[in-house]
Every structure is written in C-alpha cells, then in structure tokens.
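Tertiary structure, described
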Amino acid sequence: MIKLYGHEISGNCYKVSLMLSLLNLDYEWVRVDLLKGEQKSDEYLAKNPFGQVPLLVDGNTNLADAQAILVYLARKYGGEQWLPTDALLMARVMRWLSTAAGEVRQGPESARLFHLFGAGTNINIERATQKSIFILQQIDRHLSERHWLECDRPTVADVAIYPYLSLAKDGKIDIEPYSNILNWMERIKELSGYIPMA
C-alpha cells in the first residue's frame, strides 16, 4: 500500500493526492501536523531528513519533494499519458515542474503563505505579488494557443502547476483577469479522478 505523508492545507501535498487520484491508485493518508511541528520530529526526520511534506512511501521506496513524486508516479503507474519519454516533450513537461518549484513557489505559493499562515517574517509580499502577476501572465499567454500546458493532453505539468493557481485567492491574488487559466482550470476539474483540495 502506498502511503502519503502530508498536511491537508499544503498545496504540494494536494498535487500528489490529485495525481494519485487521477491514476486511480489506492493509498493511505498519514497526517503530519505542520502547525505542531511534527515534520521536525525525530521519527519523521528518520523518514525525510529535509523535514518537509509531502513524503511518499511505496514499498521500500521513500520519496520526498512534490515534483519528484509526480515524476515517479507518472513513470511507474501512468505510462506515456502523464510523462512522455520523447526527449523534447519530456523536457517541455519538466520545464513546468521547474516553474512550479520556482516562479509559482515564489509567487502564488509565497503570497498564500503570507496571507493565510502569517509567514510574513520571511516573505516580501510585494515581491511575491509581482512574481504572481508575472507568472500568471506567462501561463495565460501560453494557454491562449492550447488546452493543456504541453503535449495536447493533461500531463504532470498540469498537475504540478494547478494547485497553487487554484489557491491563488488565499494569497489575495486575483486570477479573474486570466480567462485562459480559468478555462484550463475547468478542464482539469472535468478529468476523471479529479478531486478538490480538502
């Protein structure tokens, strides 16, 4: 049985649970209470020395980092559908995983942390808001010519980018001006196996 260690308000945990659901995989949810610091306990650090969620356990495999987990699940359980093996197509999909860990993290994810969890000490909200606007403009422009981020079908690229865009309102980021993103988000919600964030 696959185990997913995470917290229900984490967008990165949500993207992994969404991928598991899209792949129709059964798994056990193991809650790690971030607000109580359980991710820094000795027991949890023995599983993931980085002290972060999500953490996926599949048999003898322990794998941390949401983007890495998406790649693992797509390749092991999803075949070509979710992560192509063609060099150029794979590179294009991987670019969006980097964007999720870079620009989306620095923008919508940071803005959400600032406003929702009071993580203001480390986050420059003006910078996070500017980065949010920049990446939303880029994604909206990219989606003006296509239904999915790459490959003319849903891939891990879409799963990686979707959560924090769908949660942008938590960070006081307005996504209403970005009609292509809104339409793309509706297409994701129509996928078989889609689940909303808890």
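Above this note sits the structure.
Residues numbered from 1 in each chain as written. Predicted model: local features only at pLDDT ≥ 70, side-chain atom pairs only at ≥ 80, totals over all residues. Heavy atoms only, no water.

Let us now look at the overall build of the protein. A count of helical and extended segments in the protein gives 9 helices and 4 strands. Listing the helices and strands of the protein from first to last along the sequence gives β-α-β-α-β-β-α-α-α-α-α-α-α. Computed over the C-alpha atoms, the radius of gyration of the protein is 16 Å, within 12% of the 16 Å expected from 2.2 N^0.38 for a compact globule of 198 residues. Taking the principal axes of its C-alpha atoms as reference, the protein extends roughly 45 × 40 × 30 Å. Across the 198 residues of the protein, 48% fall into the buried class. Once local pairs closer than 6 in sequence are excluded, the contacts in the protein between residues at least 24 apart make up 65%. As displayed, the protein has an accessible area near 10,000 Å², and 49% of this comes from carbon and sulfur atoms. When the 21 basic and 24 acidic side-chain charges of the protein are each reduced to a single mean position, those positions are 3 Å apart. (Helix = DSSP H or I, 4+ residues; strand = E, 2+ residues; numbered from the N terminus. Rg over C-alpha atoms; globule rule 2.2 N^0.38 Å. Buried < 20%, exposed > 50% of the residue type's maximum accessible area, 1.4 Å probe, protein only. Contact = heavy atoms within 4.5 Å. Areas by Shrake-Rupley, 256 points an atom, 1.4 Å probe, with all protein chains shown as cover. Lys, Arg positive; Asp, Glu negative; His and termini not counted. Charge placed at Lys NZ, Arg CZ, Asp CG, Glu CD.)

Here we have 4 strands laid out as an open sheet, ordered E2-E1-E3-E4, and mixed in their pairing. Each edge of the open sheet carries a strand with a single partner, namely strand E2 (27–31) and strand E4 (61–64). The mean angle between the axes of side-by-side strands here comes to 20 degrees, regardless of whether they run parallel or antiparallel. Here 4 bridges tie strand E3 (residues 55–58) to E4, and the two strands are oriented antiparallel to one another. Note on E4: the bridge partner recorded for Leu55 is Ala64. Helix H1 (residues 11–22) contacts strand E1 (2–6), E2 and E3 of the sheet and is inclined by roughly 160 degrees relative to E1. (Pairing = 2+ DSSP bridges. Axes fitted to C-alpha atoms, helices over the stretch in contact; angles between N-to-C directions.)

This paragraph deals with the pattern of salt bridges. One pass over the structure, following the stated rule, counts 7 salt bridges. In this structure, the salt-bridge partner of Glu8 is Arg31, at a minimum N-O distance of 2.9 Å. Within this pair, whereas Glu8 is found in the loop between E1 and H1, its partner Arg31 is found in strand E2, the two being separated by 23 residues in sequence. In this structure Glu8 comes out as partly exposed when scored by relative accessible area, which is 27%. The class of Arg31 is partly exposed, set by a relative accessible area of 42%. Among the salt bridges present, the one from Glu109 reaches Arg105, with a minimum N-O distance of 3.1 Å. Here the residue Glu109 and the residue Arg105 both occupy positions in helix H6 (residues 103–117), the gap between them amounting to 4 residues, near one helical turn. (Salt bridge = Lys/Arg side-chain N within 4 Å of Asp/Glu carboxyl O.)

Taken together, the side chains of Leu113, Leu116 and Phe117 present a nonpolar region at the surface, about 230 Å² in accessible area. Turning to its location among the elements, Phe117 is positioned in helix H6. By relative accessible area, Phe117 is classed as partly exposed at 34%. (Patch = residues over 30% accessible without salt bridge, like charges linked within 9 Å, V, L, I, M, F, W, Y side chains within 5 Å.)

So, about unusual backbone geometry. Residue Val53 is joined to Pro54 through a cis peptide bond whose omega torsion reads 5 degrees. Along the chain, the position of Pro54 falls in the loop between helix H2 (42–47) and E3. The phi angle at Asp152 is positive, at roughly 60 degrees, despite the residue not being glycine.

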